[in-house]
Amino acid sequence: MIPLQSGIVKLYSAPPQSSLAAFPSAGRESTRRRRNSSVVAAIQSDRPRVGTVSPAQKSSAVISPEAVSTNPGQVIEVRAVITIRQKIKDGIFQKLAEQADTIVHGIGRGIRIQLVSVDVDPETGLGRRSKEAAVMGLFQRESEKPYHVDFTASFSVPADFGLPGAILVANAHSKEVFLSEIVIHGFGDGPIFFPAHTFIQPQTLVPNKRIIFSSQEYLPSQTPGGLKDLRQEDLASLQGNGKGERKTHERIYDYDVYNDLGDPEKSEDLARPVLGGSQMPYPRRCRTGRPPMKSDPRNESRVKNSISAYVPRDEAFEDIKDKSISTAAIKVVLNNVIPVLTTVLSKSDRNFTAFSEIEDLYKDGISLNPQGDDNILWQFLRKITNIQERLKYDLPLTISRDRFSWLRDSEFARQTLAGVNPGSIERLREFPILSKLDPEEYGPPESAITREIIEGELSGMTLEKAMEEKRLFVLDYHDMLLPFIKRMNSQEGRKSYASRTVFFYNSRGVLQPVAIELSLPPTSSEPQNKKVYTRGHHATEQWIWRLAKAHVCSNDLCVHQLVSHWLKTHACMEPCIIAAHRQLSMMHPVFKLLHPHMRYTLEINALARQILINGDGIMETGFGTGKYSMEFSASAYKRFWRFDMEALPADLLRRGMAEEDPSSPHGIKLVIEDYPYAADGLLIWSAIEFYATDYLSQFYPSSAAVAADVELQAWWAELRTRGHPEKAHEPWWPTLSSLADLIHIITTLIWIASGYHAAINFGQYPIGGFMPNRPGLMKKLIPEEGSAEFEKLVEQPQEAFLKSLPTMLEATQIMSLQDVLSVHSPDEEYLGTDPDSGPGLVAQALERFSKRLDEVEGVIKARNRDPKLKNRTGAGVPPYELLMRSSGPGATARGIPNSISI
């Protein structure tokens with residue numbers, strides 16, 4: 001028996017808890033796609049009014065007022081179908097509490113609803129209201145959607161009541177109820193849908209009734225008179241007053257700085273600077289209001305565990321997602337805590353001594369009980385977690401096809417175009433390469449990569465000719481990293497450089513590395529502390545070259561995780577989401593368009609602040625930036641981030657990877673046609689732009705309509721002034737004065753949340769799960785010729801190489817993180833789907849968008865079979881599928897979720 005959150009207990013055959021992911025029917029896409037027809041079918045046999053529902057009415061749910069009788073004295077009998085979602089699994093105390101609710105309130109009668117008309121009551125000046133009606137649990141039906149149950153409520157309203165545009169919901173139960181939707185029957189010839197997908201709190205916690213609006217979109221100026229006050233009341237309820245500690249049941253969206261990453265009360269070494277402010281600008285996060293630390297009032301107190309970290313209630317993971325995240329968290333514990341325990345028990349962590357030991361992680365796994373079955377700690381862990389004695393990692397995609405691919409220069413270069421961080425490579429447009437850092441502090445600006453070095457690798461071509469033909473490219477992390485290198489290298493077990501890598505695109509259509517420059521901060525004896533490495537042909541030179549490439553990959557992983565991934569997607573989307581809930585009504589067309597692309601982001605970000613980006617969190621322990629990781633992220637935000645460059649076409653033009661070309665399908669032409677991320681990304685970008693244009697043009701016939709939309713303008717102003725206050729007055733922000741501006745802004749936001757995040761996230765383990773391919777940190781600098789370390793390299797090159805890479809513990813920590821971040825949840829909602837939207841114009845536009853995405857997927861499949869495209873085909877080369885829109889659960893290296901949900 002599974003108890004309902006509403007207090008109802010009904011028989012239900014649930015799938016085994018241990019194998020939820022194996023039941024596709026539990027996924028929201030598969031279970032809600034027929035939501036309109038299923039609800040109508042469920043109640044049509046005993047509807048209070050007889051009539052058919054046409055496909056057009058089902059799709060729009062907009063009923064003309066003329067369809068409703070207005071004869072005075074007549075009464076309309078109306079029925080509401082209320083869909084409540086159950087929890088997947090409840091504990092015994094939850095069961096007892098809900099059974100008590102059943103006794104006190106009767107079956108289902110703790111929920112009461114009231115209809116509000118779009119028409120104004122002349123006596124009150126507000127929308128006409130029906131009498132309250134109790135939800136009748138005695139007539140519940142099992143919904144076609146797993147874990148959902150349909151209930152009914154009946155009304156009698158005057159014939160001139162007008163169409164209902166809102167429903168007021170009260171919950172007299174002692175527990176919150178998840179209201180999925182309400183469908184009203186009896187007005188005209190079709191149902192009226194009220195998508196909810198929200199938790200309704202007990203009136204003992206939140207006395208005011210919840211307002212649920214119909215699926216009809218309204219601009220502020222078009223709001224029916226009967227709904228105007230409710231529209232403002234609902235927005236005000238989400239904004240709060242900026243005071244007090246937020247409670248888990250609340251739905252308050254507000255802003256704060258990142259002052260919750262450090263824990264100086266636990267240890268002085270865990271003190272971290274506040275991110276946000278003139279000294280260290282940063283996007284704002286959702287305010288939790290926890291009290292400040294006594295030892296340092298600038299810091300907000302830490303929560304005891306991630307579960308208690310506040311996010312607005314409707315932002316929390318739903319049950320299926322929550323259990324998937326919990327499973328992922330268990331994997332993190334097993335892959336992190338257990339290696340730590342192993343290290344403690346064996347008294348030492350150690351380097352890998354041979355590549356075969358790394359391969360053993362996938363073949364034999366890690367022993368979780370090194371001291372035998374009689375170990376007491378092992379017995380305890382095994383009892384509470386049901387773990388086995390050995391833990392195996394899945395074989396990453398990159399080495400499953402070719403175990404030696406990571407050693408080749410061609411693969412090193414290919415991953416800059418088709419890897420997990422493909423947005424950093426730039427075309428070399430100026431020579432010599434110059435730093436923009438202060439030369440007084442960081443030495444001469446000229447790079448040590450000379451003309452002679454480059455031309456020595458160009459097979460007779462001159463530097464000028466190669467630049468003219470757009471064949472030279474650079475991966476330049478010099479200016480981003482050099483200001484941090486001294487502090488990074490002061491940490492135990494970390495030795496990094498600031499790297500520059502020059503590539504040449506040869507006549508065979510293959511990108512190849514030409515030279516790597518590794519820089520350290522200047523000293524009195526080394527004012528230009530830079531070394532340049534080339535491939536070489538001698539065995540020693542080749543091993544040195546491999547070490548140089550490993551340092552570049554380590555730099556790339558830090559930039560990828562802390563800038564490309566966390567900053568540009570998670571952190572920069574959070575203010576957009578907060579502002580949208582505070583300033584855009586749920587009736588607003590733009591809110592309906594953005595809503596699926598905001599799902600779960602605040603929750604995953606709150607979790608990240610607790611265990612990933614916090615002081616001594618996984619990112620700090622596993623990356624070369626160490627305790628300066630978030631300072632590094634803030635520095636990149638201050639110096640490099642700008643909203644107008646987050647649009648894919650603008651980013652490609654900025655990096656010189658594309659040129660304007662009005663004759664090209666996207667208005668730009670790629671410099672390297674075989675650039676999988678950009679080529680596929682432009683298809684996704686154009687589809688999103690088509691979707692935004694298709695939908696928004698129906699509401700804004702002119703630029704004046706955009707400028708006159710008070711909610712829209714308030715959202716955009718608040719996103720800038722409160723979400724990015726240190727950058728609010730930058731001239732590059734779009735003005736939002738035309739429909740073209742709005743389409744571009746919305747396309748950019750949806751691209752960031754969907755396509756861009758998918759491209760840089762879901763390949764992390766498949767591409768980086770083999771540690772030598774992308775080491776999180778480096779432990780040694782490259783040895784100087786004549787030193788004792790150099791002699792060791794000559795004598796035992798494999799051992800010397802591995803001693804420069806992370807230890808077994810450090811490697812498994814990052815592998816665990818990458819594994820968790822690469823996983824799709826069983827209830828993932830992919831681009832082009834939105835089961836929560838309800839009928840209306842957005843659903844119609846979404847259907848057209850989905851068909852366009854199907855065509856895009858076909859193009860990508862064809863590209864992955866084209867032998868001319870060498871960065872996605874060939875012996876051992878994996879196809880590029882990160883921008884294929886759909887996927888099954890797990891780490892599949894494909895699939896574009898709607899939102900940043902992991």
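A.B. asks: Account for the overall build of the protein, naming residues and giving values.
C.D. replies: Helices and strands together make up the secondary structure of the protein, namely 29 helices and 23 strands. Counting only residues that meet the buried cut, the protein has 61% of its 902 residues in that class. Partitioning the intrachain contacts of the protein with sequence separation of at least 6 by distance along the chain shows that 75% fall at a separation of at least 24.

A.B. asks: Residues and numbers for the layout of surface pockets, please.
C.D. replies: Taken as a whole, the largest pocket spans an internal volume of roughly 1,200 Å³. What lines the largest pocket is a set of 41 residues, and nearest its centre among them are Glu-426, Lys-436, Asp-476, Phe-640 and Arg-654. Of all the elements in the fold, those that place two or more residues in the lining of the largest pocket are β17 (426-427), β18 (472-476), α14 (478-489), α15 (539-583), α19 (629-640), α20 (648-654) and α24 (739-761). In terms of residue count, the dominant contributor to the lining of the largest pocket is α15 (five residues). In terms of residue class, the lining of the largest pocket is made up of 20 nonpolar, six polar and 15 charged.

A.B. asks: Tell me about empty space enclosed by the protein, residues and numbers included.
C.D. replies: A water-sized probe, rolled over the atoms, reveals where empty space remains. Across all of its chains, the model carries twelve cavities of 30 Å³ or more by this definition. The computed volume of the largest cavity comes to approximately 620 Å³. For the largest cavity, the lining is made up of 33 residues, of which Ala-196, His-197, Phe-591, His-595 and Asp-836 are closest to its centre. Here the lining of the largest cavity gets five residues from one element, more than from any other, and that element is strand β11 (residues 192-200). Across the lining of the largest cavity, the residue classes tally to 16 nonpolar, six polar and eleven charged.

A.B. asks: A description of the packing of aromatic side chains should follow, citing residues and the corresponding values.
C.D. replies: Where two aromatic rings form a pair, the distance of their centres and the angle of their planes describe that pair. Tallying each qualifying case throughout the model produces 26 aromatic pairs. Consider the rings of Tyr-258 and Tyr-282, whose centres lie 5.1 Å apart with planes at 90 degrees: the pair is edge-to-face. With Tyr-258 in the loop between β13 (255-256) and β14 (285-286) and Tyr-282 in the loop between β13 and β14, the pair connects residues that are 24 residues apart, well separated along the chain. For Tyr-258, a relative accessible area of 1% gives the class buried. Sitting over the ring of Phe-199, Arg-313 keeps its end group 3.7 Å from the ring centre. The positively charged end of Arg-852 is found above the aromatic ring belonging to Phe-690, 4.1 Å away from the centroid.

A.B. asks: Report on α14, specifying residues and quantitative values.
C.D. replies: Under the 1.5 Å per step criterion, the end-to-end length of α14 is 15 Å for twelve residues, consistent within 8% with the ideal 16 Å. Most of α14 sits out of view: nine of its twelve residues are buried. For α14, the set of buried residues is His-478, Asp-479, Met-480, Leu-481, Leu-482, Phe-484, Ile-485, Met-488 and Asn-489.

A.B. asks: Please give an account of the pairing of strand β9 (residues 164-171) that cites residues and values.
C.D. replies: Buried residues dominate β9, accounting for eight of its eight residues. Examined bridge by bridge, strand β4 (residues 111-120) and β9 share seven bridges and lie antiparallel to one another. Paired with Val-116 across the strands is Ala-166, a residue of β9. Across four bridges, β9 lies against strand β12 (residues 210-213) in antiparallel orientation. Across the sheet, residue Ala-166 finds its bridge partner in β12, namely Phe-213.

A.B. asks: Let's hear about the environment of Arg-720: which residues, and what values?
C.D. replies: Of note, Arg-720 is situated in helix α23 (residues 710-723). Considering only alpha carbons, one finds Arg-720 and Pro-283, 437 residues apart in sequence, at a separation of 9.5 Å. Apart from residues no more than four positions distant in its own chain, Arg-720 is found in contact with Pro-725, Ala-728 and Trp-733. Only 3.3 Å separates the side chain of Arg-720 from the backbone oxygen of Trp-716, close enough to count as a polar contact.

A.B. asks: Which residues make up the pattern of salt bridges, and what values do they have?
C.D. replies: Evaluated as defined, the whole model comprises 53 salt bridges. Two residues, Arg-774 and Asp-556, come together in a salt bridge whose shortest N-O distance is 2.8 Å. Taken together, the positions of Arg-774 in the loop between α25 (764-768) and α26 (788-795) and Asp-556 in helix α15 put the pair 218 residues apart, joining distant regions of the chain. Asp-556 shares its class with Arg-774; the two are buried. Among the ionic pairs, Asp-827 bridges to Arg-599, the shortest N-O distance being 3.0 Å. Of this pair, Asp-827 sits in the loop between α28 (808-821) and α29 (841-863) while Arg-599 sits in the loop between α16 (589-594) and α17 (601-611), placing them 228 residues apart in sequence.

A.B. asks: Which residues make up the packing of helix α21 (residues 676-696) against α24, and what values go with them?
C.D. replies: Relative orientation of the contacting elements α21 and α24 amounts to 140 degrees, with a least axis distance of 9 Å. The angle between α21 and α24 falls in the class oblique. Like other packed secondary-structure pairs, α21 and α24 cross with a definite hand, here right-handed. In contact with Tyr-677, Gly-681, Ile-684, Trp-685, Ile-688, Glu-689, Ala-692, Thr-693 and Leu-696 of α21, α24 contributes Leu-739, Leu-742, Ile-743, His-744, Ile-746, Thr-747, Thr-748, Ile-750, Trp-751, Ser-754, Tyr-756 and Ala-759. A per-class count over the contact of α21 with α24 returns 14 nonpolar, six polar and one charged.

A.B. asks: Talk me through the environment of Pro-207; I want residue IDs and the actual numbers.
C.D. replies: If you trace the backbone, Pro-207 turns up in the loop between β11 and β12. Residue classification places Pro-207 among the exposed residues on the basis of a relative accessible area of 57%. Remark: the alpha-carbon pair of Pro-207 and Asn-171, spanning 36 residues in sequence, is separated by 9.2 Å.

A.B. asks: Give me the sheet that holds β18: which residues, what numbers.
C.D. replies: Overall, antiparallel pairing links the five strands, which are arranged β17-β18-β19-β20-β21 in an open sheet. Strand pairing shows two members of the sheet lacking a second neighbour, β17 and β21 (530-533), which therefore form its edges. Where strand β19 (residues 498-505) lies against strand β20 (residues 511-519), eight bridges are found, and the strand directions are antiparallel. Its bridge partner lying in β20, Tyr-505 is registered against Leu-511. Here helix α10 (residues 409-418) sits on the sheet and contacts β18, β19 and β20; the angle it forms with β20, its principal contact strand, is near 85 degrees. Against the sheet, α15 makes contact with β18, β19, β20 and β21, and its axis sits at roughly 80 degrees relative to β20, the strand it touches most.

A.B. asks: Any details on the environment of Met-771? Residues and values, ideally.
C.D. replies: Of note, Met-771 is situated in the loop between α25 and α26. Placed 39 residues apart in sequence, Met-771 and Glu-810 show a C-alpha to C-alpha distance of 9.8 Å. When neighbours within four sequence positions are excluded, Met-771 is seen to be in contact with Phe-352, Ile-358, Tyr-362, Leu-805, Pro-806 and Ala-811.

A.B. asks: Pulling in residues and values, what's your account of the packing of α15 against α17?
C.D. replies: Between α15 and α17, the least distance of the axes is 10 Å, while the angle of their chain directions is 125 degrees. It follows that α15 is oblique to α17 by the angle criterion. Relative to α17, α15 is oriented so that their crossing is left-handed. Contacts from Trp-566, His-570, Ala-571, Glu-574 and Ile-577 in α15 reach Thr-601, Leu-602, Ile-604, Asn-605, Ala-608 and Arg-609 in α17.

A.B. asks: So what's going on with the nonpolar core? Which residues, and what values?
C.D. replies: Ranked by internal contacts, the top residues of the largest apolar core, which has 180 residues, are Tyr-282, Leu-652, Tyr-675, Leu-696, Tyr-700, Trp-715 and Ile-746. Sorting elements by how many residues they give to this core places α15 first, with 23 residues. Discounting chain neighbours no more than four positions away, the residues touching Leu-696 are Val-590, Leu-593, Leu-739, Leu-742, Ile-743 and Ile-746. One finds Ile-111, Ile-167, Ile-182 and Ile-192 within the second-largest nonpolar core, a separate group that totals 40 residues.

A.B. asks: Describe the confidence of the model for the protein, listing the residues and the values that go with them.
C.D. replies: On average, residues of the protein carry a pLDDT of 86, and 82% of them reach 70 or more. Counted against residues more than four places away or in other chains, residues 90-97, with its pLDDT under 50, gives nine contacts. Below a pLDDT of 50 lies the segment residues 102-108, which in the model reaches 16 contacts outside its immediate sequence neighbourhood of four places, other chains included.

A.B. asks: So what's going on with α19? Which residues, and what values?
C.D. replies: Counted at 1.5 Å a residue, the expected span for α19 with its twelve residues is 16 Å, and the 16 Å between its end C-alpha atoms agrees. Counting buried residues in α19 gives nine out of twelve residues, a clear majority hidden from the surface. Every buried residue belonging to α19 is among Ser-629, Met-630, Glu-631, Phe-632, Ser-633, Ala-634, Ser-635, Ala-636 and Tyr-637, and all of these are buried. Summarising the contacts, the buried residues of α19 are in contact with α14, α15 and α18 (618-622).

Scoring rules and cut-offs
- Residues numbered from 1 in each chain as written.
- Predicted model: local features only at pLDDT ≥ 70, side-chain atom pairs only at ≥ 80, totals over all residues.
- Heavy atoms only, no water.
- Helix = DSSP H or I, 4+ residues; strand = E, 2+ residues; numbered from the N terminus.
- Buried < 20%, exposed > 50% of the residue type's maximum accessible area, 1.4 Å probe, protein only.
- Contact = heavy atoms within 4.5 Å.
- 1 Å grid on protein atoms, 1.4 Å probe; cavity = no way out; pocket = protein on both sides within 12 Å on 5 of 7 lines; lining within 4 Å.
- Points joined across faces, edges and corners; volume = space filled by probe spheres on them.
- Nonpolar A, V, L, I, M, F, W, Y, C, P; charged D, E, K, R; others polar.
- Phe/Tyr/Trp six-rings, centres within 6.5 Å; stacked < 30°, edge-to-face > 60°.
- Lys NZ or Arg CZ within 6 Å of the ring centre and 35° of its normal.
- Expected span 1.5 Å × (residues − 1).
- Pairing = 2+ DSSP bridges.
- Polar contact = N/O pair within 3.5 Å; in protein donor to acceptor, adjacent residues only side chain to side chain.
- Salt bridge = Lys/Arg side-chain N within 4 Å of Asp/Glu carboxyl O.
- Axes fitted to C-alpha atoms, helices over the stretch in contact; angles between N-to-C directions.
- Parallel < 35°, antiparallel > 145°, perpendicular 65-115°, else oblique.
- Left-handed = near helix turned anticlockwise from the far one by under 90°.
- Core = buried A, V, L, I, M, F, W, Y, C linked by side-chain atoms within 4.5 Å.
- pLDDT = per-residue confidence, 0-100.

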